[in-house]
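If you want the building blocks of each chain, they are given just below.
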Amino acid sequence: MGFLIETIFGGLMTGMLYSLIALGFVLIYKASGVFNFAQGAMVLFAALAMARFTEWIPQWTGISNPVLVNVLGFIAACAVMVAVAWLIERLVLGKLVNQEGITLLMATIGVTYLLEGLGQTLFGSDIYKIDVGMPKDPIFLFEKTFEGGVLVNKEDLYAALIAAAMVVLLALFFQKTSTGRALRAVADDHQAAQSIGIPLSRIWVIVWAVAGIVALVAGVIWGSKLGVQFSLSLVALKALPVVILGGLTSVPGAIIGGLVIGVGEKVSEVYLGPLMGGGIEIWFAYVLALLFLLVRPQGLFGEKIIDRV
């Protein structure tokens with residue numbers, strides 16, 4: 001039983017990271033109706049910016065305190081992602097208002113390749129390290145409940161807690177602030193929001209900036225675990241089946257979908273992997289998403305597309 005609990009815990013912690021990335025898809029789609037295929041590239045670009053700024057800041061300023069360097073690097077990377085959001089709205093979305101969804105999707109695919117190429121040009125193509133001081137040694141939990149306890153990696157636990165805190169902050173932002181209410185109004189009806197004086201261009205910059213900061217947090221966590229490399233954008237695309245499962249218009253769906261996929265792929269890999277030759281974690285999420293597309297295309301909590309037309 002203890003081993004099963006360990007596997008489920010590992011899946012929940014990985015799933016929370018998937019949920020964090022999936023929120024970027026959901027936020028942008030709800031506010032602008034754009035399926036942001038570039039979210040994975042945004043995670044990579046943000047992580048590259050963080051990794052390189054933490055290398056450059058000591059060289060530029062002589063600051064050697066690792067905490068201060070990480071804080072300054074994070075602030076600089078946030079500024080970069082806000083600038084990216086502004087440029088995307090100014091040069092791409094602003095030119096494609098009221099265009100077909102497929103046109104907007106193709107535009108985000110173009111943004112994907114642009115960010116990947118620009119990231120390589122600005123920050124280099126090596127594997128970079130992000131060290132934010134998260135402990136990597138394991139700990140035992142519930143020793144009194146299960147014989148031997150449950151072995152959990154501290155880094156995974158901290159990463160899951162950070163992701164959960166980010167999710168809570170985003171929920172509060174959307175529910176309790178005037179900007180969040182404006183974003184929800186735009187999500188419900190663009191024309192009605194414009195008619196009461198809500199500027200779409202400013203809202204789109206805000207939501208892309210928020211998605212960029214979410215991508216930065218996810219990129220820092222994944223970069224700390226795996227190193228910052230160009231395969232990171234492929235890891236981030238695991239959020240695609242998460243939003244299909246949870247629903248493209250649902251923030252709770254992104255959270256629950258991430259947890260379901262995280263647990264499902266871990267349990268399947270551990271218990272079915274030996275029987276099927278392993279590698280289940282690579283394709284499990286996509287097969288599950290395909291099944292949901294056949295049975296319930298709108299996902300667990302999403303709206304039917306016909307209802308939104």
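Details of the structure are given in the entry above.
I will try to describe carefully the structure that is included in this document. (Residues numbered from 1 in each chain as written. Predicted model: local features only at pLDDT ≥ 70, side-chain atom pairs only at ≥ 80, totals over all residues. Heavy atoms only, no water.)

### Structural notes on the overall build of the protein
- A count of helical and extended segments in the protein gives 14 helices and 2 strands.
- A compact globule built from 309 residues would reach a C-alpha radius of gyration of about 19 Å, and the protein, at 20 Å, matches this within 12%.
- By its C-alpha atoms, the protein is 65 × 55 × 35 Å across when sized along the principal axes.
- Put simply, the protein has 309 residues, and 47% of those count as buried.
- Residue pairs in contact within the protein that sit at least 24 positions apart in sequence constitute 72% of those at least 6 positions apart.
- When the accessible surface of the protein is split by element, carbon and sulfur atoms take 66% of a total near 14900 Å².
- Of note, the protein has its 18 positive side-chain charges centred 8 Å away from the centre of its 19 negative side-chain charges. (Helix = DSSP H or I, 4+ residues; strand = E, 2+ residues; numbered from the N terminus. Rg over C-alpha atoms; globule rule 2.2 N^0.38 Å. Buried < 20%, exposed > 50% of the residue type's maximum accessible area, 1.4 Å probe, protein only. Contact = heavy atoms within 4.5 Å. Areas by Shrake-Rupley, 256 points an atom, 1.4 Å probe, with all protein chains shown as cover. Lys, Arg positive; Asp, Glu negative; His and termini not counted. Charge placed at Lys NZ, Arg CZ, Asp CG, Glu CD.)

### Describing the side chain of E155
- With respect to the helices, strands and loops of the structure, E155 is situated in helix α5 (residues 154–176).
- Look at E155 and you get buried, because its relative accessible area is 7%.
- A polar contact is formed between the side chain of E155 and the side chain of S224, at a distance of 3.0 Å.
- Beyond its immediate stretch of four places on either side in the chain, E155 contacts M134, P135, K136, S224 and K225. (Polar contact = N/O pair within 3.5 Å; in protein donor to acceptor, adjacent residues only side chain to side chain.)

### Some remarks on the packing of aromatic side chains
- Overall, the coordinates contain 8 aromatic pairs when judged by the stated rule.
- Ring geometry for F25 against F35: centres 5.7 Å apart, planes inclined by 35°, an arrangement best described as tilted. Linking F25 in helix α1 (residues 2–32) with F35 in the loop between α1 and α2 (39–61), this pair joins segments that are 10 residues apart in sequence.
- On the basis of relative accessible area, F35 is assigned to the partly exposed category, the value being 23%.
- Seen in terms of ring centroids, F53 and W60 are 6.5 Å apart; in terms of plane orientation they differ by 70°. Their pairing is edge-to-face.
- W60 sits in the exposed class, given a relative accessible area of 58%. (Phe/Tyr/Trp six-rings, centres within 6.5 Å; stacked < 30°, edge-to-face > 60°.)

### Regarding α5
- With 23 residues, α5 should reach 33 Å at 1.5 Å per residue; the first-to-last C-alpha distance of 32 Å fits that figure.
- Every buried residue of α5 is listed here: E155, A159, A160, A163, M166, V167, L170 and F174.
- A distance of 2.7 Å separates the backbone nitrogen of E155 from a side-chain oxygen at the start of α5, and that oxygen is part of N153. (Expected span 1.5 Å × (residues − 1).)

### Section: the pairing of strand β2 (residues 150–153)
- Of the two faces of β2, the one lined by V150 and V152 is fully buried and the one lined by L151 and N153 carries no buried residue.
- In this structure, strand β1 (residues 138–141) lies alongside β2, joined through 4 bridges in antiparallel fashion. Directly across from I139, in β2, lies its bridge partner V152. (Pairing = 2+ DSSP bridges.)

### Re the environment of P297
- By the secondary structure assignment, P297 is in the loop between α13 (280–295) and α14 (305–308).
- Along the chain, P297 and V267 lie 30 residues apart, while their C-alpha atoms are 25 Å from each other.

### Observations concerning helix α3 (residues 66–91)
- Along its 26 residues, α3 runs 37 Å from first to last C-alpha, staying within 8% of the 38 Å computed at 1.5 Å per residue.
- Residues V69, N70, G73, A77, C78, V80, M81, V84, A85, I88 and E89 constitute the buried set of α3.
- Looking at the buried residues of α3, the elements they touch are α2, α4 (101–123) and α8 (200–226).

### Examining the packing of helix α11 (residues 251–271) against α13
- For the pair α11 and α13, interaxial distance at closest approach is 9 Å and the crossing angle is 135°. In terms of orientation, α11 and α13 fall into the oblique class. With respect to the hand of their crossing, α11 and α13 are arranged in right-handed fashion. Of the residues in α13, those touching α11 at V260, I261, G264, E265, K266, S268 and E269 are I280, E281, F284, A285 and L288.
- Residues of the contact of α11 with α13, tallied by class, amount to 6 nonpolar, 2 polar and 4 charged. (Axes fitted to C-alpha atoms, helices over the stretch in contact; angles between N-to-C directions. Parallel < 35°, antiparallel > 145°, perpendicular 65-115°, else oblique. Left-handed = near helix turned anticlockwise from the far one by under 90°. Nonpolar A, V, L, I, M, F, W, Y, C, P; charged D, E, K, R; others polar.)

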